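# Structure assessment
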Amino acid sequence: MELKNKLEILADAAKYDASCASSGTTKRDSAGSATALGSSGGAGICHSYAPDGRCISLLKVLLTNACIYDCHYCINRRSSDVQRARFSVAEVVQLTLDFYKRNYIEGLFLSSGIVRNPDYTMERVVEVARQLRVDHDFRGYIHLKTIPEASQELIDQAGEYADRISINIELASQQSLDRLAPEKNMSRTQKAMGGIRTRIETDSERRKADRQSGKRRTKKDRHFAPAGQSTQMIVGADASPDRQLLDRADVLYGAYHLKRVYYSAFSPIPSASPILPLKSPPLVREHRLYQSDWLMRFYGYSVEEIAPDSAPNLDLDIDPKLSWALRSRETFPVDVNQAPRELLLRIPGIGVRSVTRILQIRRWSALRLEDLQKLGISLKKCLPFVITTDHNPARLGLDSDRLRSRFAPGPQQTEFTFTVADAKSSAITGEV
Amino acid sequence: METIRIKPNFESWRMQARKLLVQSVPPEGLLWEDGSSGADSLFGDLENNAFEKPSTTIMPQVRIPRDFMNLAELVACHRVSERWGVLYKVAWRLTHGKERQLLALRIDSDLKRLEDWASAVRRDRHKMKAFVRFRKIGDTETGREQFVAWFEPEHSIVELTAPFFAKRFASMDWSILTPWQCAHWDGQSLQFSPGVSSREAPKEDQLEDYWRSYYAHIFNPARLKLNAMQSEMPKKYWKNLPEAPLIAELTRKAARRTGDMVEAPVSTKAHVSERIPSGVPSPDPPSRSVEPAGVLSRADTMSLEELSQLGLQCKACPLHDRAT
Ligand code: SF4
């Protein structure tokens, strides 16, 4: 098969993985070297955007889309009649280097269908990374998908060459896995994540000790997965409510120190399995999950606050921060000139960066509404919730129900609330 | 009105601004002229101008916060002509005006203008790092690969951004050509030359076909979101991106492709897992549930190893989920 054909098939097979991040790894470059290629560190760069609005930062492909597993939501499952292809190790290495030199990409995100057995598959994935790092002195970004069933030794090697490693959790519970991904096992996956976490921490402690004792680093001494581990959960292929997805994410952040959980709205695939729902979930659900995830990581919200038992599914019409504010009217209004940081973070429409600026500014002068506007804050959203020197919403006397209808779009619009302004901060940041 | 003549770059502004601050010249009544408004003759004088030469008298220090100088370096790359005057005004307020807190006040209108200009420059630099596309033109005798790119930045960012490429692509020879200024790297040093026309740039590269294939296939037609794409990759960049000509067709076909997938009859024939042997052992049997009280009563008779094995399996309380 022609290389170009393989590329088409194996990119097609990889596109359901939402992650394309190339950020947060160690800073390195190839200055002063006549053979090394590449640099990384910092925020990562999106080299292009596909018409689906997603960033293209990495060459994201599968080594092969043949697979002996049968995950129903996946186009590569063994029972799908999709055309199969397989790259040789050398082909992926060459494509990565060629794309990188032309500045198309930041690096490689490689995963693979499982062929023969997990170790055989993992060996080949690791070999690609090894050749890039060792034979070609490649200093760009590498993300490797690992297989929980692969041997510890191979996972160790993967972490040595990769900036980030990931294992997809796929679904929020074992019951869902049993039905939709019969070969996959939640506790085995989490155990592998635990192993990776331990390895990352041991490695960074060792490096810290080395630094303190002034031990010099050799070139062979590689940082273990410096950009940490991430995972992906599929949204809408099973009946799990958002609460369950967020609970699972919370466990993954808390117990396994994941850097990122990606949510991927299950998407119609060619030759779909008959036990999948016919309709994919609205994309806005995925967006609300990202926002909630963001609130948990950077704003100090608990899962219970975002998706209480009484409302286990997120409101699709309004963002989760506003939802919480409407359920917690007694907390508001908050005085932007007095309130502590944690409370400022709870005001709908005011993000982390604006909070930092408010705290800076109010040391020198009291803020008025106009000042909030100058900071780029949407007054429409925060007005009922804030006190400034020239504004107190108490007299508006708005109750939660009336407020909600003020913010929620008409019912016919629900699917379209996800517009430019929303999207810009969304998939990329999730900031609310 | 006193006219201050500088070259359109940060260094030139900095020298002048420092001198004026030392002499306590207030910003009102100064007209900054950087020669870019078309009056070429101004440049002629500038080269001979006495105040460009390093001053031999020792000037007293003016202390300006480093954060401001970093901001000023970015603002200097912007093409708006008022930037020099506003920069000087803010520098004046920070020093003579004793408004040391000014940099924290994002609501001050002078500072806000500087911040907005700096953001535009930052964004332009970021897009340059993202959207430059090298085309291979050959190899040197020593085997170094040679590449050339054409790019049209909005602001004067080539000098500030070229070091990024020099560090990333240290082992190749490359040039980035733009209408205003070009950068060249030969493995040793960065050189800059005046801008050229796009005709000077190579027109294609063999790999672009592969890149386009990749672009077309990594795109998920079921999630068409053109607005999100355009806000990050505005149309003005499209003409120099080899993948951009595909956008129109991919978009047009997206709805049909998705419709086909959704409407295709779900054939049970497609689901053939029963016929294909899986070849993998099925997953671990669900772990036996452990009953803590029972285990405790037998604990005396068990080895430590057995106990810890059971501990791993215990799911009696929700804490097991968080155990690593
Ligand atoms: S293991 Fe499952 S999700 Fe992964 S490629 Fe195979 S079928 Fe798809």
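Remember, predicted model here, so these are calculated numbers, not experimental data.

### Concerning the overall build of chain A
Across its full length, chain A carries 16 helices and ten strands. A compact globule built from 432 residues should have a C-alpha radius of gyration of about 22 Å, and chain A, at 24 Å, falls within 12% of that. Burial status across chain A gives 60% buried among its 432 residues. A sequence separation of at least 24 residues applies to 69% of the contacts in chain A between residues at least 6 apart. Distance between charge centroids for chain A: 4 Å, based on 62 positive and 52 negative side chains.

### What about the overall build of chain B?
The number of helices and strands found in chain B is eleven helices and seven strands. Residue burial in chain B is summarised as follows: out of 324 residues, 44% are buried. Within chain B, counting contacts between residues at least 6 apart in sequence, those at least 24 apart form 66% of the total. On chain B, roughly 17900 Å² of surface is accessible, and the fraction owed to carbon and sulfur atoms is 52%.

### Details of the domain arrangement of chain B
All names here are of chain B. Domain annotation for chain B reports domain 1 (2–122), domain 2 (132–200) and domain 3 (208–263). Centre-to-centre separation of domain 2 and domain 3, based on C-alpha positions: 28 Å. Counting residues at the interface gives six residues for domain 2, matched by nine residues for domain 3. Summing both sides of the interface, domain 2 and domain 3 together bury roughly 630 Å²; the carbon and sulfur share of this comes to 39%. In terms of surface lost to domain 3, no three residues of domain 2 exceed Arg-133, Arg-135 and Glu-152, which account for 67% of the buried area on that side. Summed over the shared surface of domain 2 and domain 3, the result is five residue pairs in polar contact (both at pLDDT 80 or more). A class-by-class count of the residues in the side of domain 2 that touches domain 3 yields two nonpolar, no polar and four charged.

### Here's the deal with the site of the ligand
Residues and elements named next belong to chain A. As a structural note, the neighbourhood of the ligand is formed by Cys-67, Tyr-69, Cys-71, Cys-74, Asn-76, Arg-77, Gly-113, Glu-170 and Lys-184. More than half of the atoms of the ligand fall within 2 Å of the grid points belonging to the largest cavity. Looking at side-chain class alone, the shell around the ligand contains four nonpolar, two polar and three charged residues.

### Regarding the pairing of strand 5 (residues 173–177) of chain B
All names here are of chain B. Judged by how many residues are buried, strand 5 sits mostly within the fold: five of five residues are covered. Covered by surrounding structure in strand 5 are Asp-173, Ser-175 and Leu-177 together with Trp-174 and Ile-176, the residues of both alternating faces. Where strand 4 (residues 145–150) meets strand 5, five bridges bridge the pair, whose relative direction is parallel. Opposite Phe-147, over in strand 5, you have Trp-174 as the bridge partner. Handedness of the crossover is the feature at issue here: the chain leaves strand 4, passes through helix 6 (residues 158–168), returns alongside strand 5, and the resulting connection is right-handed. In the sheet, strand 5 pairs with strand 6 (residues 181–185) via three bridges, with the strands oriented antiparallel.

### Quick word on empty space enclosed by the protein
Unoccupied space between atoms shows up once a probe the size of one water molecule is rolled over them. The tally for this structure, following the rule as stated, stands at six cavities of 30 Å³ or more. A volume near 690 Å³ is recorded for the largest cavity. As for the largest cavity, its lining consists of 38 residues, of which Cys-74, Lys-145, Asn-168, Glu-170 and Lys-184 of chain A are closest to the centre. Going through the elements one at a time, helix 3 (118–135), strand 7 (229–235) and strand 8 (260–265) of chain A are the ones with two or more residues in the lining of the largest cavity. Residues of the lining of the largest cavity, tallied by class, amount to 19 nonpolar, twelve polar and seven charged. If you add up the space inside the second largest cavity, you get close to 80 Å³. Around the second largest cavity sit Lys-15, Ala-18, Cys-20, Ala-50, Asp-52, Arg-54, Cys-55, Ile-56, Leu-58 and Lys-60 of chain A together with Tyr-214 and Ile-218 of chain B, which together line it. Within the residue set of the lining of the second largest cavity, elements represented by two or more residues are strand 2 (55–56) and strand 3 (58–62) of chain A together with helix 7 (208–218) of chain B. Here the residues of the lining of the second largest cavity are counted per class, giving eight nonpolar, no polar and four charged.

### What to know about the state of the cysteines
Residue and element names in this part refer to chain B. The final tally for this structure, using the stated rule, is one disulfide over all chains. The thiol of Cys-182 is not disulfide-bonded; the next cysteine sulfur, from Cys-77, is found 16 Å away. Among the residues examined, Cys-182 registers a relative accessible area of 1% and is labelled buried.

### Re the interface of chain A and chain B
Between chain A and chain B, the contact holds 86 residues from the first and 73 residues from the second. Both sides together, the interface formed by chain A and chain B hides about 7300 Å², and carbon and sulfur atoms give 61% of it. Taken as a group, Tyr-49, Pro-51 and Arg-102 of chain A account for 11% of the area that chain A buries against chain B, more than any other trio of residues on that side. Where chain A packs against chain B, one counts four salt bridges. Of the charged contacts, one joins Glu-106 of chain A and Arg-168 of chain B as a salt bridge, the two residues approaching to 2.6 Å between their closest N and O atoms. If you look at where chain A meets chain B, you find 28 residue pairs in polar contact (both at pLDDT 80 or more). Looking at which element gives the most residues to the side of chain A that touches chain B, the answer is helix 1 (residues 3–12) of chain A, with six residues. Residue composition of the side of chain A that touches chain B, by class: 42 nonpolar, 19 polar and 25 charged.

### As for helix 10 (residues 320–327) of chain A
Burial analysis of helix 10 of chain A places seven of its eight residues in the buried class, which makes it a mostly covered element. Among all positions of helix 10 of chain A, only Pro-320, Lys-321, Leu-322, Ser-323, Trp-324, Ala-325 and Leu-326 of chain A are buried.

### Considering the pattern of salt bridges
Under the counting rule described, the total for this entry stands at 48 salt bridges over all chains. With its nearest N and O atoms 3.0 Å apart, the salt bridge here joins Lys-6 of chain A to Glu-91 of chain A. Here Glu-91 of chain A lies in helix 2 (residues 89–101) and Lys-6 of chain A lies in helix 1, a separation of 85 residues in the sequence. Lys-6 of chain A gets classed as buried once you look at its relative accessible area, which sits at 13%. With a relative accessible area of 22%, Glu-91 of chain A lands in the partly exposed category. Between Glu-145 of chain B and Lys-101 of chain A there is a salt bridge, with the nearest N and O atoms lying 2.5 Å from each other. Remark: Lys-101 of chain A occurs in helix 2 and Glu-145 of chain B occurs in strand 4; the pair is interchain, linking two chains. Relative accessible area serves as the criterion here: at 16%, Glu-145 of chain B is assigned to the buried category. Among the residues examined, Lys-101 of chain A registers a relative accessible area of 15% and is labelled buried. A single salt-bridge network, built from bridges that share partners, covers Lys-89, Arg-93, Glu-99, Asp-108 and Asp-110 of chain B.

Here is what the cut-offs are and how they apply
- Residues numbered from 1 in each chain as written.
- Chains lettered and ligands numbered in written order.
- Predicted model: local features only at pLDDT ≥ 70, side-chain atom pairs only at ≥ 80, totals over all residues.
- Heavy atoms only, no water.
- Helix = DSSP H or I, 4+ residues; strand = E, 2+ residues; numbered from the N terminus.
- Rg over C-alpha atoms; globule rule 2.2 N^0.38 Å.
- Buried < 20%, exposed > 50% of the residue type's maximum accessible area, 1.4 Å probe, protein only.
- Contact = heavy atoms within 4.5 Å.
- Lys, Arg positive; Asp, Glu negative; His and termini not counted.
- Charge placed at Lys NZ, Arg CZ, Asp CG, Glu CD.
- Areas by Shrake-Rupley, 256 points an atom, 1.4 Å probe, with all protein chains shown as cover.
- Domains from an automatic or database assignment.
- Buried area = accessible area lost by both parts, 1.4 Å probe.
- Polar contact = N/O pair within 3.5 Å; in protein donor to acceptor, adjacent residues only side chain to side chain.
- Nonpolar A, V, L, I, M, F, W, Y, C, P; charged D, E, K, R; others polar.
- Near = heavy atom within 4 Å.
- 1 Å grid on protein atoms, 1.4 Å probe; cavity = no way out; pocket = protein on both sides within 12 Å on 5 of 7 lines; lining within 4 Å.
- Sits in = over half its atoms within 2 Å of the grid points.
- Pairing = 2+ DSSP bridges.
- Right-handed = clockwise from strand over helix to strand, strands pointing away.
- Points joined across faces, edges and corners; volume = space filled by probe spheres on them.
- Disulfide = S-S within 2.5 Å.
- Salt bridge = Lys/Arg side-chain N within 4 Å of Asp/Glu carboxyl O.

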